[in-house]
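Given next are the chains, with one letter for each unit.
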Amino acid sequence: MSFQPVKFYQTGTFTVGNRLLPDGERSVQSTVRRHNSLNSGHRACQGCGEALGARYAIDAAMEVTGGQLIAANATGCLEVFSTPYPETSWQVPWIHSLFGNTAAVATGIAAALRVKGREDVRVVAQGGDGGTTDIGFGCLSGMFERNDDVLYICYDNGAYMNTGVQRSSATPPAARTATTAAVGSTPGNTFGQGKDLPAIAMAHGIPYVATATVSELRDLEAKVRRAMEFRGARYLHILVPCPLGWGHDSSLTIRMARLAHESGIFPVFEAENGEVTGVAKIRRQVPVEEYLKPQKRYAHLFSPRPNEDVIRRIQAQADRNIRRYRLLQDS
Amino acid sequence: MLKQIEGSHAVAEAVALCRPEVICAYPISPQTHIVEGLGEMVKAGELSPCEFINVESEFAAMSVAIGASAAGARAYTATASQGLLFMTEAVFNAAGMGLPIVMTVANRAIGAPINIWNDHTDSMSQRDCGWIQLFAETNQEALDLHIQAFRLAEELSLPVMVCMDGFILTHAYERVDMPTQEQVDAFLPPFEPRQVLDPQDPVSMGAMVGPEAFTEVRYLAHVKQMQALDLIPGWAEEFRKAFGRDSGGLMHQYRMEDADTVVVALGSVLGTIKDTVDGLREKGHRIGVLGITCFRPWPTSALRAALERARKVSVVEKAFGVGLGGIVSANVRTSYSGSLDDVFTVIAGLGGRPITRESLARAFTEVEQGTSAPLVFLDLNRAAVDRALARERESRRSGPIAEALLRDVGLVTAQLR
Ligand SMILES: Cc1ncc(C[n+]2csc(CCOP(=O)(O)OP(=O)(O)O)c2C)c(N)n1
Ligand code: SF4
Ligand SMILES: [Mg+2]
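The model shown is predicted, which means the values in this text are computed figures rather than measured ones.

Here is what the cut-offs are and how they apply
Residues numbered from 1 in each chain as written. Chains lettered and ligands numbered in written order. Predicted model: local features only at pLDDT ≥ 70, side-chain atom pairs only at ≥ 80, totals over all residues. Heavy atoms only, no water. Helix = DSSP H or I, 4+ residues; strand = E, 2+ residues; numbered from the N terminus. Rg over C-alpha atoms; globule rule 2.2 N^0.38 Å. Buried < 20%, exposed > 50% of the residue type's maximum accessible area, 1.4 Å probe, protein only. Contact = heavy atoms within 4.5 Å. Areas by Shrake-Rupley, 256 points an atom, 1.4 Å probe, with all protein chains shown as cover. Lys, Arg positive; Asp, Glu negative; His and termini not counted. Charge placed at Lys NZ, Arg CZ, Asp CG, Glu CD. Domains from an automatic or database assignment. Buried area = accessible area lost by both parts, 1.4 Å probe. Salt bridge = Lys/Arg side-chain N within 4 Å of Asp/Glu carboxyl O. Near = heavy atom within 4 Å. Polar contact = N/O pair within 3.5 Å; in protein donor to acceptor, adjacent residues only side chain to side chain. Nonpolar A, V, L, I, M, F, W, Y, C, P; charged D, E, K, R; others polar. Donors = N, O, S within 2.8 Å, 3.2 Å for Na, K, Ca; no water. Phe/Tyr/Trp six-rings, centres within 6.5 Å; stacked < 30°, edge-to-face > 60°. Lys NZ or Arg CZ within 6 Å of the ring centre and 35° of its normal. 1 Å grid on protein atoms, 1.4 Å probe; cavity = no way out; pocket = protein on both sides within 12 Å on 5 of 7 lines; lining within 4 Å. Points joined across faces, edges and corners; volume = space filled by probe spheres on them. Pairing = 2+ DSSP bridges. Right-handed = clockwise from strand over helix to strand, strands pointing away. Expected span 1.5 Å × (residues − 1). Arc of directions from axis to C-beta. Axes fitted to C-alpha atoms, helices over the stretch in contact; angles between N-to-C directions. Parallel < 35°, antiparallel > 145°, perpendicular 65-115°, else oblique. Left-handed = near helix turned anticlockwise from the far one by under 90°.

**Quick notes on the overall build of chain A**
Next up, step 1: Helices and strands together make up the secondary structure of chain A, namely eleven helices and eight strands.
Next up, step 2: Computed over C-alpha atoms, the radius of gyration of chain A comes to 19 Å, within 12% of the 20 Å expected from 2.2 N^0.38 for 331 residues, which places it in the range of a compact globule.
Next up, step 3: Projecting the C-alpha coordinates of chain A onto the three principal axes gives extents of approximately 60 × 45 × 40 Å.
Next up, step 4: Within chain A, buried positions represent 57% of all 331 residues.
Next up, step 5: If you take every contact in chain A between residues at least 6 apart in sequence, the share linking residues at least 24 apart comes to 70%.
Next up, step 6: Only carbon and sulfur atoms are counted for the fraction: they give 49% of the accessible area of chain A, which is about 13,100 Å².
Next up, step 7: If you average the places of the 36 positive and of the 31 negative side-chain charges in chain A, the two averages end up 3 Å apart.

Dropping the structure here:
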């Protein structure tokens, strides 16, 4: 097996690239054996974090299961851009049923495999934040509670992107969406709302819960691999920037994800049986402005004049995450 | 083997004989005893291999069945009423994807006002969703139809709904002839899916389809239902030979020879209708009965042939299209060569109201004599309705309709006694 000496080093960051790693630790994407489960030719926007996240997550799951994988997919950008009829980008057996039932469909697939004695074939379910935290929440909670043998992956881009960027219960405070307009005395999404789905998943006591971003793809892959070591319900919540909905340049997708982590906005951690077992430390906390400024959804926080109060509240949330998950290197 | 058992239990046993591999259950009266029975069989190891999943909603029940069926397992669930509506999006989806799921609907009214008793509003609300809909007249037919349903579903790759009247059938203890495992195995071959999620041969299912192909995909669904029309009579005949009973088929005819007036109906009310017709026949009325077993696909030509000599048609229905009238009647009119004015609608048994022979005989006689209104609500309490309407005329804030009417009806009954 020959390996391409891939140049992957992300300059100006602390991220270690593939070329500094031994072969065994390199990203599955850097090998010629990679499955390309979500193949090229799909219709995602340039710089789509969701496409990137799904490609790595599913390829990692394919790698660890030796290609014995079935995927269920909720309605949303990922489903729409990957299967413009009669073409499909999926190189795995894949089913899309509805927007709100993906976890249940996956339960059904897992039940069928169990009854047929094919438990070597594993099941992933995947959906956007709307499909996961809102409309699919009932089915997801049911799947968790029964501890069905499914890995559910949520690609969180913080809004209903496929229908034109409307607010979901994963939309962060102050963010502008099509239904939380940047107008009035409190522009953008309201503070004090929304769901912390990784925490809710942990409260179900399921074997494995983790968060990840597309800025740390090896971490993402490692979490998929770890998730596959468990039987029962597992949940992976991946932050996937969306250039269209967030209003940042499509070249900044990775950077946005990294800043979300390094500012404390999006804590990256792992939990087993309801207990946090590991966090991705931040070596140098960046102020939230650095994360907010390049995104048009937060433009109203900076012009015509900076909205110090709202920025402070967002910073306070980031600081709280940092304290709560002990994200700083020396904490 | 002859058994004296509850209808729900008979269906549970028949479903078990069909070797379902995944069963999803969510409770709603009057369906509960069916899935309870199956759950017990799975738990006891009598039905194996089979996964019995207690889901968190009917929407999940149908969705789990979709996933299981797509992964190649024989999938079954049962519901009724609000449950059927709660799963509607997935019901359409199962049909659209051509997944051969079998579901029992223990027919019950739909709220508001909430009502647990029998009528057909639930199944009728799904008549255009792409499922095959079979209606059982008796408990024996209900159990037999399930065996036929699995075969039909899997042959055509279409889901099948077996509709049986809630309480009237589901909770009635009757004698049924329970087939043996060998008989059922000989009639129902193992499930060989046309499409399956398989890592050895990865396919995408449920892709986005645009205007360039949507019509064709939908048309194919129609073609499949038309194929069912061809298959069902033959299989009913095969079933008769193997099991020794007339069960299923497109329709059942009763005393139709020389009938000028034909009563059309679905489900268990056919028993009362037949008794009524027997009585009328004794008095010399030329009246017969046409029971529709297969409501979807609609058996157009068979019905047209059966109604060829009928001068008047009276359709007894346990549901109605609000703002239109009869639903079954509207279907019958598409298959009747006589004057459409000669098709009459009798709405009866809504929310479990008893359908009596006396009232039916009156309604049929009025149809025969040409004195019937085109749309009749059997045994309607006109006074109560008038009072509700008067209340609305008199006061802007007339209050909640059902609750006030209930009070009135209570008073009326008190006065009657
Ligand atoms: C029952 C139902 N309601 C609404 C929709 C419309 N809809 C389709 S995709 C979508 C947005 C998906 O948002 P999300 O789950 O966050 O995924 P994203 O597109 O952002 O990746 C919506 C609202 C639908 N398809 N079905
Ligand atoms: S709208 Fe956002 S999530 Fe959807 S394809 Fe474009 S970048 Fe990806
Ligand atoms: Mg989204």
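**Some words on the domain arrangement of chain B**
All names here are of chain B.
Next up, step 1: Per the domain assignment, the segments making up chain B are domain 1 (2-243) and domain 2 (251-377).
Next up, step 2: Every contact between the two is made by 27 residues of domain 1 and, on the other side, 24 residues of domain 2.
Next up, step 3: For the domain 1 and domain 2 pair, buried surface summed over both sides reaches about 1,900 Å², with 59% attributable to carbon and sulfur atoms.
Next up, step 4: Considering only the surface of domain 1 that becomes buried against domain 2, Met124, Phe135 and Glu137 emerge as the three largest contributors, covering 30% of it.
Next up, step 5: Here domain 1 and domain 2 share three salt bridges between them.
Next up, step 6: Here Asp165 ties to Lys318 by a salt bridge, and the two come within 3.8 Å at their closest N and O atoms.

**So, the site of ligand 1**
Next up, step 1: The immediate surroundings of ligand 1 are formed by 17 residues, with Glu50, Cys77, Gly130, Gly131 and Met161 of chain A found nearest.
Next up, step 2: Neighbouring residues of ligand 1 are not confined to a single chain but are spread across chains A and B.
Next up, step 3: A distance of 3.1 Å separates an oxygen atom of ligand 1 from a polar atom in the side chain of Asp129 of chain A.
Next up, step 4: Between ligand 1 and Met161 of chain A there is a distance of 3.0 Å, counted from an oxygen atom to a backbone nitrogen or oxygen.
Next up, step 5: Look at ligand 1: alone it shows 590 Å² of surface, and the protein chains cover 78% of it.
Next up, step 6: Classifying every residue of the shell around ligand 1 gives six nonpolar, eight polar and three charged.

**Structural notes on the coordination of the magnesium ion (ligand 3)**
Residue and element names in this part refer to chain A.
Next up, step 1: For the magnesium ion (ligand 3), the protein coordination sphere consists of Asp129 (OD), Asn157 (OD1) and Ala159 (O), at 2.0 to 2.1 Å.
Next up, step 2: Donor residues for the magnesium ion (ligand 3), ordered by position in the chain, follow D-x27-N-x1-A. Here Asn157 lies in the loop between strand 4 (151-156) and helix 6 (197-203) and Asp129 lies in helix 4 (residues 129-134), a separation of 28 residues in the sequence.

**Description of the packing of aromatic side chains**
A ring pair, where both rings are aromatic, is described by two values, the distance of the centres and the angle of the planes.
All names here are of chain A.
Next up, step 1: A complete count under the given rule lists 16 aromatic pairs over all chains for this structure.
Next up, step 2: Ring centres 5.8 Å apart and planes at 15° place the aromatic pair Trp90 and Trp94 in the stacked group.
Next up, step 3: With a relative accessible area of 4%, Trp90 lands in the buried category.
Next up, step 4: With relative accessibility at 0%, the residue Trp94 sits in the buried group.
Next up, step 5: Ring geometry for Phe99 and Tyr160: centres 6.1 Å apart, planes at 70°, overall edge-to-face. In this pair, Phe99 sits in the loop between strand 2 (94-96) and helix 3 (102-115) while Tyr160 sits in the loop between strand 4 and helix 6, placing the two residues 61 residues apart along the sequence.
Next up, step 6: On the basis of relative accessibility, which here comes to 24%, the residue Phe99 falls in the partly exposed class.
Next up, step 7: These aromatic residues form a ring-pair network of at least three members: Phe144, Tyr152 and Tyr235.
Next up, step 8: For Lys195, the ring lying beneath its charged end belongs to Phe137, and the centroid distance is 4.2 Å.

**What about the layout of surface pockets?**
All names here are of chain B.
Next up, step 1: The volume enclosed by the largest pocket comes to roughly 1,400 Å³.
Next up, step 2: Pro113, Leu350, Gly351, Arg353 and Leu405 are, among the 37 residues lining the largest pocket, the residues nearest its centre.
Next up, step 3: Among the secondary structure elements, those contributing two or more residues to the lining of the largest pocket are helix 6 (121-125), helix 14 (382-394) and helix 15 (401-416).
Next up, step 4: Class assignment for the residues of the lining of the largest pocket results in 25 nonpolar, seven polar and five charged.
Next up, step 5: Viewed by domain, the lining of the largest pocket spans two of them, domain 1 (2-243) and domain 2 (251-377), each represented by three or more residues.
Next up, step 6: Its volume calculated, the second largest pocket comes out at about 1,000 Å³.
Next up, step 7: Around the second largest pocket, the lining comprises 33 residues; the ones closest to its centre are Gly96, Met97, Gly206, Val209 and Val217.
Next up, step 8: Elements represented by at least two residues in the lining of the second largest pocket include exactly helix 5 (88-97), strand 9 (204-205) and helix 9 (214-243).
Next up, step 9: Across the lining of the second largest pocket, the residue classes tally to 18 nonpolar, eleven polar and four charged.

**With respect to the pairing of strand 6 (residues 132-135) of chain B**
All names here are of chain B.
Next up, step 1: Taking every second residue as pointing to the same face, both faces of strand 6 are buried, with Ile132 and Leu134 on one and Gln133 and Phe135 on the other.
Next up, step 2: In this sheet, strand 7 (residues 160-165) lies alongside strand 6 in parallel orientation, the contact comprising four bridges. By the bridge assignment for strand 7, Phe135 is matched with Cys163.
Next up, step 3: Handedness of the crossover joining strand 6 and strand 7 through helix 7 (residues 139-156) is recorded here as right-handed.
Next up, step 4: Relative to strand 13 (residues 294-296), strand 6 is paired through two bridges, and the arrangement is antiparallel. Bridge assignment links Leu134 to a residue of strand 13, and that residue is Cys294.

**Observations concerning the interface of chain A and chain B**
Next up, step 1: On the side of chain B, 38 residues touch chain A, which itself brings 37 residues to the contact.
Next up, step 2: Among the residues chain A hides against chain B, the three largest losses belong to Tyr85, Leu98 and Val115 of chain A. Together they make up 21% of the total.
Next up, step 3: For the interface between chain A and chain B, the tally reads three salt bridges.
Next up, step 4: The residue Glu51 of chain B makes a salt bridge to Arg114 of chain A at a minimum N-O spacing of 2.7 Å.
Next up, step 5: Secondary structure elements with two or more residues in the side of chain A that touches chain B: strand 1 (69-73), helix 2 (77-82), strand 2, helix 3 and helix 5 (137-146) of chain A.
Next up, step 6: A total of nine residues in the side of chain A that touches chain B trace back to one element, the largest contributor, which is helix 3 of chain A.

**Overview of the sheet that holds strand 9 of chain B**
Next up, step 1: With respect to topology, nine strands assemble into an open sheet ordered 8(A)-7(A)-5(A)-6(A)-4(A)-3(A)-1(A)-2(A)-9(B), the strand pairing being mixed. What marks the edges here is a single partner per strand, and that holds for strand 8 (275-279) of chain A together with strand 9 of chain B.

**Topic: helix 11 (residues 308-325) of chain A**
Residue and element names in this part refer to chain A.
Next up, step 1: Here helix 11 contains 18 residues, and its C-alpha end-to-end distance of 26 Å stays within 8% of the 26 Å for a straight helix at 1.5 Å per residue.
Next up, step 2: Listed as buried for helix 11 are Val310, Ile311, Ile314, Gln315, Ala318, Asn321, Ile322 and Tyr325. For helix 11, the angular spread of the buried residues around the axis is 140°, confining them to a single face. Turned more than 90 degrees away from the buried face of helix 11 sit Glu308, Arg312 and Arg323, all of them exposed.
Next up, step 3: The inward-facing, buried residues of helix 11 contact strand 7 (269-272), strand 8 and helix 10 (288-292).
Next up, step 4: Downstream of helix 11 by a residue or two, Arg326 has a phi angle that is positive, lying close to 50°.

**With respect to the packing of helix 1 (residues 49-65) of chain A against helix 7 (residues 217-228) of chain A**
Residues and elements named next belong to chain A.
Next up, step 1: Two numbers describe how helix 1 lies on helix 7: the axes approach to 9 Å, and their chain directions differ by 40°. Judged by the inter-axis angle, helix 1 sits oblique to helix 7. In the packing of helix 1 onto helix 7, the handedness of the crossing is right-handed. When helix 1 is examined against helix 7, the residues Leu52, Gly53, Tyr56, Ala57, Ala60, Ala61, Val64 and Thr65 are found in contact with a partner set consisting of Leu217, Leu220, Glu221, Val224, Arg225 and Met228.
Next up, step 2: The residue makeup of the contact of helix 1 with helix 7, split by class, is ten nonpolar, two polar and two charged.

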